[in-house]
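# What the coordinates show
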Amino acid sequence: MKPSINTTLPITHCCPACGLLCDDLVLNSTYPLSIKNACTKSISFFERAFTGKAATSSVAGKPTDLNSAIQAAANILNKANHPLFAGLGTEVQGMRAIMRLAEKTSATLDHMHSEGTVRNTLAMQNSGWQTTTLTEIKNRADVILAIGTDIVSSYPRFFEKLVLNTNTLFNRPKPEVIYLGLAEEAAKLPEIMSALNALMNAKNPLNKKPDTDLIGGVTIASLKLILAKLKAAQYGVVVWSASALKFPQAELTVQSITQLIAKLNETNRVAGLPLNSGDGDSSVNNTSTWLSGYPTRNRFVNGHPEYDAYHFSTKLQLMNCDALLWVSTFNAYLPPDCEAPTIVIGHPDMQFKKQPDVFIPVGIPGVDHIGTMFRMDSSVAMPLKKLHETELPSLSDVVNRIVSQIEAKLS
Ligand code: SF4
C-alpha cells in the first residue's frame, strides 16, 4: 500500500489502538510517519496501517473484483442456516451493519475478546457494580489498586494520562498506586479476594490470625494495609482486567472485587474500573446492546434476539456453525480453523496460512475512513478521522452490500 496522507499540516488525531482512545496524537504530513504523543503500541498500529501489503479481494484464494467477492459471500450466507459472525473487531458503524446482516441470516455473534467481557457481564448481571470514568480518575483518584494487571501492557499511556497528569480540575496530589497479584499470579486472586472481603468484616476469624500468615502468597499484614489505604481514600479506584483472569469461574473473582467495592462504599467513596481488551469490544457490545438488548454472544432467531454467555461462544459455535464470517479491521488477526465455508472481511495486511473461501480487505477505522468508538469506560464516544485516501471500502459498505444481495434473493 503506497503511504500517503492528504493533508500537508499536522493534525490532531484519536488513536483507536487501545481502549484509552487518546485524542491528542499529532500526525505530520510526510512519510515515514512522525507521531507526537504516541506510545509504542500506537506507532506500530499506524505503521502497519500505512505500510501493510496491498490486498485485493479473493475467492478460493484467487484474486477477484469486489463485486464478485461480495456475491460469493452472500451466496455462502444464503445457504447457511446457522452462521457464526466472530472476531467482530470493528467500531460502531461497522457493528450496526453487522447486526443488520445477523438479523437477516440468523447468525450468532461473538466478539474475539468476549471471554474476558463475559466474566464482567456475569458479575454485573448477578449483583450490579459501581464503576467510574477515566475523567473522574484523572481529577479525583487518590488511591488506585490494580488487581491482577500492570495496566500499562494493555494501556501504555494510562499513567501518563491519569496518574502523572497535573492538569486536573482539583489540583489533587499524585495518587498512590498499589499492585496486587500481577498476571502471572492471577490464579491466586480468588483466595486473596476472599481474604480481603473477610478482613472487611471485623468479626471474621481471619482478623485474629497472625499478620505474618500468608494468603495466596501475600501476608495478612499487607492485605490489612491495602484495606486501610482504601478506607482512608477520598476517592479510591480498583482496577482489574477480566481478560487476565484466565482460570475457571473467574467471574466469581470479579464478583469478589465488586463486593469489596460495594462494602467500602458504606463508609467512603471507592469505584471500579474494569479494563477492556480492545479491538472495539466496548463499541461492539454497546452497539449490540442498544440494537438487540444484549451484548455479544447473542443471536437472532426469526428476528428475535437471544443471549447465552456460554453456548454462543466462538469456541462452541465453531463446532456447529455452517458458515463463519470473521471480522478484524483494527488488527490483522486471522480466523480460527473452521470446517465450514469461511468469509474474512478485515485488515488489508492479513497473511493467511490457509486461504478462506472469501477474503474482502477493508479500510482500517481511524486511518482509511471515519468512525465512532466507545472509550473503555463506555462514557464517551469518540469520533475517528480519516487520514488518507484509499480504494478500500469500509466494513459497513461491504456488509450493507451483502445485505442487499441477500434481500434481492429473498424478494
Ligand atoms: S495508550 Fe492506547 S490509545 Fe493512547 S496512544 Fe497508546 S495505544 Fe493509542
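Treat the numbers as computed from the prediction; the structure is a model and nothing was measured. (Residues numbered from 1 in each chain as written. Predicted model: local features only at pLDDT ≥ 70, side-chain atom pairs only at ≥ 80, totals over all residues. Heavy atoms only, no water.)

Summing up its helical and strand segments, the protein chain has 12 helices and 20 strands in all. Structurally, the protein chain occupies a C-alpha span of about 70 × 50 × 35 Å along its principal axes. Classification of the 411 residues of the protein chain by burial places 52% in the buried group. Partitioning the intrachain contacts of the protein chain with sequence separation of at least 6 by distance along the chain shows that 66% fall at a separation of at least 24. Carbon and sulfur atoms make up 52% of the accessible area of the protein chain, which amounts to about 18,200 Å² in all. Side-chain charges of the protein chain comprise 37 positive and 35 negative groups, with the mean position of each set lying 3 Å from the other. (Helix = DSSP H or I, 4+ residues; strand = E, 2+ residues; numbered from the N terminus. Buried < 20%, exposed > 50% of the residue type's maximum accessible area, 1.4 Å probe, protein only. Contact = heavy atoms within 4.5 Å. Areas by Shrake-Rupley, 256 points an atom, 1.4 Å probe, with all protein chains shown as cover. Lys, Arg positive; Asp, Glu negative; His and termini not counted. Charge placed at Lys NZ, Arg CZ, Asp CG, Glu CD.)

As a matter of local geometry, the ligand sits amid Cys15, Ala17, Cys18, Leu20, Leu21, Cys22, Leu25, Cys39, Lys41, Ser42, Pro156 and Arg157. When atoms are counted within 2 Å of each cavity's grid points, the one that captures over half of the ligand is the largest cavity. Across the shell around the ligand, the residue classes tally to 9 nonpolar, 1 polar and 2 charged. (Near = heavy atom within 4 Å. 1 Å grid on protein atoms, 1.4 Å probe; cavity = no way out; pocket = protein on both sides within 12 Å on 5 of 7 lines; lining within 4 Å. Sits in = over half its atoms within 2 Å of the grid points. Nonpolar A, V, L, I, M, F, W, Y, C, P; charged D, E, K, R; others polar.)

Along any regular strand, the residues point their side chains to alternate faces of the sheet. The two faces of strand S14 (residues 298–301) differ: Asn298 and Phe300 on one face are buried, but Arg299 and Val301 on the other face are not. Pairing of strand S7 (residues 108–111) with S14 involves 2 bridges; the strand directions are antiparallel. Note on S14: the bridge partner recorded for threonine 108 is arginine 299. Where S14 lies against strand S15 (residues 304–307), 4 bridges are found, and the strand directions are antiparallel. Bridging across to S15, arginine 299 finds its partner in glutamate 306. (Pairing = 2+ DSSP bridges.)

Glancing now at empty space enclosed by the protein. Summed over the entire model, instances satisfying the criterion amount to 4 cavities of 30 Å³ or more. What the largest cavity holds in volume is close to 90 Å³. Lining the largest cavity we find 14 residues, and of these Cys15, Cys18, Cys22, Cys39 and Ser42 sit closest to its centre. The calculated volume of the second largest cavity comes to roughly 70 Å³. When residues of the lining of the second largest cavity are assigned to their parent elements, the largest contribution, 3 residues, is made by helix H10 (residues 281–292). Considered class by class, the residues forming the lining of the second largest cavity number 6 nonpolar, 6 polar and 2 charged. (Points joined across faces, edges and corners; volume = space filled by probe spheres on them.)

Before going further, it helps to spend a moment on the sheet that holds strand S8 (residues 143–147). Read from one edge of the open sheet, 4 strands run S9-S8-S12-S13, paired in parallel fashion. The strands lining the two open edges of the sheet, one partner per strand, are strand S9 (176–180) and strand S13 (270–275). On average, adjacent strands in this sheet sit at an angle of 20° to one another, irrespective of strand direction. As paired elements, S8 and strand S12 (residues 236–241) share 5 bridges and run parallel to each other. Each bridged residue has a counterpart across the sheet, and for isoleucine 144 the counterpart in S12 is valine 237. Packed on one face of the sheet, helix H9 (residues 250–264) meets S8, S12 and S13 and runs near 175° to S12. (Axes fitted to C-alpha atoms, helices over the stretch in contact; angles between N-to-C directions.)

Right, let's talk about the nonpolar core for a bit. Within the largest apolar cluster, 40 residues are counted, with the highest numbers of intra-cluster contacts made by Phe46, Ile151, Tyr155, Phe158, Val237 and Leu273. Those elements that provide at least two residues to this core are strand S2 (25–27), helix H1 (40–51), helix H5 (134–140), S8, helix H6 (158–163), S12, S13 and strand S20 (381–384). With near-sequence residues (within four places) excluded, phenylalanine 46 lies in contact with His13, Cys15, Pro16, Leu25, Leu27, Leu33, Ile35, Gly366, Val367 and Leu387. (Core = buried A, V, L, I, M, F, W, Y, C linked by side-chain atoms within 4.5 Å.)

It is worth spelling out the domain arrangement of the protein chain at this point. Here the protein chain is described as being made up of domain 1 (55–113 + 279–365 + 390–410) and domain 2 (117–275). Using C-alpha coordinates to define each centre, domain 1 is positioned 36 Å away from domain 2. Listed per partner, the contact involves 7 residues of domain 1 and 5 residues of domain 2. For the domain 1 and domain 2 pair, buried surface summed over both sides reaches about 400 Å², with 54% attributable to carbon and sulfur atoms. On the domain 1 side of the interface with domain 2, the three residues burying the most area are His113, Tyr307 and Ala309, jointly 58% of the side's total. Joining domain 1 to domain 2, the criterion identifies 0 salt bridges. Inspection of the domain 1/domain 2 interface yields 1 residue pair in polar contact (both at pLDDT 80 or more). In the side of domain 1 that touches domain 2, the residues fall into 3 nonpolar, 2 polar and 2 charged. (Domains from an automatic or database assignment. Buried area = accessible area lost by both parts, 1.4 Å probe. Salt bridge = Lys/Arg side-chain N within 4 Å of Asp/Glu carboxyl O. Polar contact = N/O pair within 3.5 Å; in protein donor to acceptor, adjacent residues only side chain to side chain.)

Bringing the sheet that holds S2 into the picture now. What the 3 strands build is an open sheet, ordered S1-S2-S3; its pairing is antiparallel. The open sheet terminates on both sides in strands that have one partner only, identified here as strand S1 (11–13) and strand S3 (35–36). Sheet analysis places S1 next to S2, joined by 3 bridges and oriented antiparallel. Bridging across to S2, isoleucine 11 finds its partner in leucine 27. In this fold H1 packs onto S1, S2 and S3, with an angle of close to 35° to the strand it touches most, S2.

What follows covers helix H12 (residues 395–410). Given a rise of 1.5 Å per residue, 16 residues ought to cover 22 Å, and the 23 Å separating the end C-alpha atoms of H12 matches this to within 8%. Listed as buried for H12 are Leu395, Ser396, Val398, Val399, Ile402, Val403 and Ile406. Within H12, the buried residues cover an arc of 165° as seen down the axis, which keeps them to one side. Against helix H2 (66–79), helix H3 (92–105), strand S16 (324–328), strand S17 (342–346) and strand S18 (358–361) lie the buried residues of H12. (Expected span 1.5 Å × (residues − 1). Arc of directions from axis to C-beta.)

This part is about H3. In a regular helix each residue adds 1.5 Å, so 14 residues correspond to 20 Å; H3 covers 20 Å between its end C-alpha atoms and thus fits that length. Looking at H3, one finds that the buried residues are Val92, Gly94, Met95, Ala97, Ile98, Met99, Leu101, Ala102 and Thr105. Where H3 begins, the side chain of glutamate 91 points an oxygen toward the backbone nitrogen of glutamine 93, at a separation of 3.2 Å. Two residues or fewer after H3 comes serine 106, characterised by a positive phi angle close to 55°.

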